Structures are given as C-alpha cells and as structure tokens.
Amino acid sequence: QVQLVESGGGLVQPGGSLRLSCAVSGSAFVIERIYAMGWYRQAPGKQRELVATITRGGSTNYADSVRGRFTISRDNAKNTVNLQMNSLKPEDTAVYYCNAKYSSSIVDTSGPWGQGTQVTVSS
C-alpha cells in the first residue's frame with residue numbers, strides 16, 4: 001500500500017485561498033497501481049463527501065459545490081496531488097482527506113487514506 005499525508009490546511013477568511021497537498025509515498029510498484037486520487041472532506045456533524053478526483057489519465061471530477069472554485073492537479077514527478085481552493089466559503093470548513101484509488105471506479109474509496117488536514121473558513 002501507499003502512504004498519504006495531507007498538508008496545507010489552516011484558517012482562512014471567506015473569499016481567501018488555500019492550496020492543499022497530498023504527498024504519496026511507497027514503493028514504485030504500489031504507486032504504479034494507483035488509478036486515481038481523490039479529495040474528500042468531512043464537515044462537523046456531516047458525512048464525508050467527495051470534493052474532486054483525478055485519474056491517471058488526467059480526467060477530473062468535481063462536486064457541484066466546488067466546481068469553478070477548486071482545482072485538482074497532479075505533480076507526478078513529486079508524487080503529489082494538489083487541491084487549489086479559491087473563493088473559499090464558510091461552508092467549505094471541514095477536514096480534507098486524500099484517497100488513493102486502485103479501482104477504475106472513481107467512486108471507490110476502499111484504497112488508502114491520509115490523516116486529513118483541517119480547513120477552517122471564518123472571519
């Protein structure tokens with residue numbers, strides 16, 4: 001399996017921006033098995049929800065609530081997956097997690113997860 005470590009969270013004012021990173025580590029063999037990566041978030045008292053996914057082929061998918069504001073990207077040389085979050089709203093407040101997907105289904109969340117990074121949008 002791979003290890004995932006999220007970073008970049010913090011406190012930001014509404015309308016501000018944050019860039020989250022997910023560092024992917026492990027053997028070349030297991031990293032090669034990753035079909036897609038996803039960012040998810042869980043707000044207090046709510047279920048975890050999908051934010052964005054990106055496949056090995058570069059196909060992206062976004063939740064309606066973040067489309068146009070968030071951008072998921074990959075840096076294959078650095079083995080990182082990033083989430084650029086712009087125009088942040090208080091409702092974006094959540095713990096953000098990255099997930100590695102070995103399945104060709106972008107909705108499959110059975111793969112490894114990171115520990116999460118807190119994003120708080122508040123004035």
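Residues numbered from 1 in each chain as written. Predicted model: local features only at pLDDT ≥ 70, side-chain atom pairs only at ≥ 80, totals over all residues. Heavy atoms only, no water.

## Some words on the packing of aromatic side chains
Each aromatic ring pair is characterised by the separation of its centres together with the angle its planes make.
Now for step 1: Tallied over the full model, the rule gives two aromatic pairs.
Now for step 2: Note on Tyr 97 and Trp 113: the rings are 6.3 Å apart at their centroids and 85 degrees apart in plane angle, and the pair reads as edge-to-face. Here Tyr 97 is found in strand 9 (residues 94-101), whereas its partner Trp 113 is found in the loop between strand 9 and strand 10 (117-121), with 16 residues between them in sequence.
Now for step 3: The class for Trp 113 is partly exposed, based on a relative accessible area of 25%.
Now for step 4: Among the aromatic residues, those joined into a ring-pair cluster are Tyr 40, Tyr 97 and Trp 113. (Phe/Tyr/Trp six-rings, centres within 6.5 Å; stacked < 30°, edge-to-face > 60°. Helix = DSSP H or I, 4+ residues; strand = E, 2+ residues; numbered from the N terminus. Buried < 20%, exposed > 50% of the residue type's maximum accessible area, 1.4 Å probe, protein only.)

## Some words on the nonpolar core
Now for step 1: Core analysis: the largest hydrophobic core is formed by 31 residues, its most contacted members being Met 37, Trp 39, Leu 83, Met 85 and Tyr 96.
Now for step 2: For this core, the secondary-structure elements that each account for two or more residues are strand 3 (18-25), helix 1 (28-32), strand 4 (36-42), strand 5 (49-55), strand 7 (70-75), strand 8 (80-85), strand 9 and strand 10. (Core = buried A, V, L, I, M, F, W, Y, C linked by side-chain atoms within 4.5 Å.)

## Re the pattern of salt bridges
Now for step 1: Applying the stated criterion across every chain yields a total of four salt bridges.
Now for step 2: Between Asp 92 and Arg 41 there is a salt bridge; the shortest N-O distance is 2.9 Å. With Asp 92 in the loop between strand 8 and strand 9 and Arg 41 in strand 4, this pair connects stretches of sequence that are 51 residues apart.
Now for step 3: Linking Arg 69 and Asp 92 is a salt bridge whose minimum nitrogen-to-oxygen distance equals 2.7 Å. Here Arg 69, found in the loop between strand 6 (60-62) and strand 7, pairs with Asp 92, found in the loop between strand 8 and strand 9; they are 23 residues apart in sequence, far enough to count as distant.
Now for step 4: It is possible to trace a salt-bridge network through shared partners that takes in Arg 41, Glu 49, Arg 69 and Asp 92. (Salt bridge = Lys/Arg side-chain N within 4 Å of Asp/Glu carboxyl O.)

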